[in-house]
Amino acid sequence: MTFVNIEIGRHEDTREVDIIKYIKENPGRTINQVVKYMDKNGSSKITTLKKINALIEGKRIRDEHDKPNGFHKLFYDDNNDFDLINKQLTEIEKIVDIMDKPLKKIQRLLEDQQKEILRLTDEKVPVEQRRKFVSKELYSLQIDYQFTYLHMIDTMFHVLSLQIDERIHSDKDLQILYTKIIKLMRKVSRQFPRNAKGTLDGIINFIGEFTSKKDIRVYAQKHNININLINDVIDRVENFKNEFLVKEQ
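This structure is a prediction, so every number in the text was calculated from the model and none was measured. Throughout, a residue's number is its position along its own chain's written sequence, starting from 1. Given that the model is predicted, a residue must reach a pLDDT of at least 70 before its local features are reported, and side-chain atom pairs must reach 80 or more before they are shown or counted; all residues, however, enter totals for whole chains, interfaces and linings. Note that the side-chain values use all heavy atoms of the structure and ignore hydrogens as well as water.

1. A look at the sheet that holds strand 1 (residues 29–30)
No. 1: Whether two strands pair depends on DSSP finding at least two bridges between them. Numbered from the N terminus, helices here are DSSP runs of H or I no shorter than four residues, and strands are runs of E no shorter than two. Here three strands make up an open sheet; going across it, the order is 1-3-2 and the pairing antiparallel. The sheet is open, and its two edges are formed by strand 1 and strand 2 (61–64), each paired on a single side.
No. 2: By definition in these notes, contact holds between two residues if any of their heavy atoms fall within 4.5 Å. Helix axes are fitted only over the stretch in contact, all axes being lines through C-alpha atoms; the angle between N-to-C directions runs from 0 to 180 degrees. Strand contacts of helix 3 (residues 45–57): strand 2 and strand 3 (73–76), with the helix running at about 100 degrees to strand 2, the strand carrying the most contacts.

2. Some remarks on helix 7 (residues 171–190)
No. 1: When the terminal C-alpha atoms of helix 7 are compared, their 29 Å separation across 20 residues agrees well with the 28 Å that a helix rising 1.5 Å per residue should span.
No. 2: Each residue gets one of three labels from its accessible area relative to the maximum for its type: buried under 20%, exposed over 50%, partly exposed in between, using a 1.4 Å probe on protein chains only. Within helix 7, the full set of buried residues consists of Asp173, Leu174, Gln175, Ile176, Leu177, Tyr178, Thr179, Lys180, Ile181, Leu184 and Val188.
No. 3: In the core, the buried residues of helix 7 are packed alongside helix 4 (81–122) and helix 6 (136–167). Helices are assigned an expected span. That span is 1.5 Å times one less than the residue count.

3. What to know about the environment of Lys87
No. 1: Positionally, Lys87 belongs in helix 4.
No. 2: With 109 residues separating them along the chain, Lys87 and Ala196 place their C-alpha atoms 32 Å apart.

4. Description of a nonpolar patch on the surface
No. 1: To count toward a patch, a residue needs a relative accessible area over 30% and no salt bridge; like charges are then connected within 9 Å, while nonpolar side chains (Val, Leu, Ile, Met, Phe, Trp, Tyr) are connected within 5 Å. In these tables, accessible area is a Shrake-Rupley quantity obtained with a 1.4 Å probe, and a residue counts as shielded only by the protein chains included in the view. By definition, a salt bridge exists where a carboxyl oxygen of Asp or Glu is found within 4 Å of a side-chain nitrogen of Lys or Arg. The grouping of Tyr139, Ile143 and Phe147 at the surface amounts to a nonpolar patch, some 280 Å² of accessible area in total.
No. 2: As for its placement among the helices and strands, Phe147 is situated in helix 6.
No. 3: The class for Phe147 is partly exposed, based on a relative accessible area of 37%.

5. Comments concerning helix 10 (residues 230–244)
No. 1: The end-to-end C-alpha distance of helix 10 is 21 Å, a good match for the 21 Å that 15 residues give at a rise of 1.5 Å each.
No. 2: Buried within helix 10 we find Ile234, Val237 and Lys241. For helix 10, the arc enclosing every buried residue in end-on projection is 60 degrees, short of the 170-degree limit, so these residues lie on one face. Along helix 10, exposed side chains directed more than 90 degrees from the buried face belong to Asp232, Asp235, Arg236, Asn242 and Glu243.
No. 3: On the buried face of helix 10, the contacting elements are helix 8 (196–211). Here the arc refers to the directions that run from the helix axis out to each C-beta atom.

Keep in mind these numbers describe shape, not what the thing actually does.
The following block contains the structure:
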């Protein structure tokens, strides 16, 4: 992934937006006509030509000319990779925003339930009685609704990140798209206030049990898979916990 001067690339350049809008509305205009139009909007010839070249290189507009000395006519490419990915991210953001209300409601219910169980624990209420306050339906909403949503969103982010790496070559376009993904990831993170330390501890325990199984170790060795490398990951996670999750202890 390329992150170059990301603050500058946060939003699309207004001049590029104006150029694209003009070409969309007037397909086949020559470069000189676009330069004259932009000049009326306060953009110099040199700046406009740089923007046009960047848009052509990014395959957002295409330059067509039939003869060696013919006019260069510009067309907007409806299927350019930047706009396809950008549009998909916009649609994902709509989903994230729509899901915000029900997800926060589930989280409040979970927090209220946890508070009640802690209160009963402090009052030394027997475990069997405390279990009656654990809602199976709420647990199902958390696992089958919350976590399924999170997994789907994470998967789409992963796929789009790979698509950006493979299909987008303009540094400016990379900046815009990656910044948009980061913004969306922050939104999704706020929808899931979770006990990160407890989650990581559970995963580490699971991995420890998994890698200690003889049949797994034999199979991995047979296929030349060094599963002991996961211990380096665990060491990094432990360091991460000490650096960032001390308050959760």
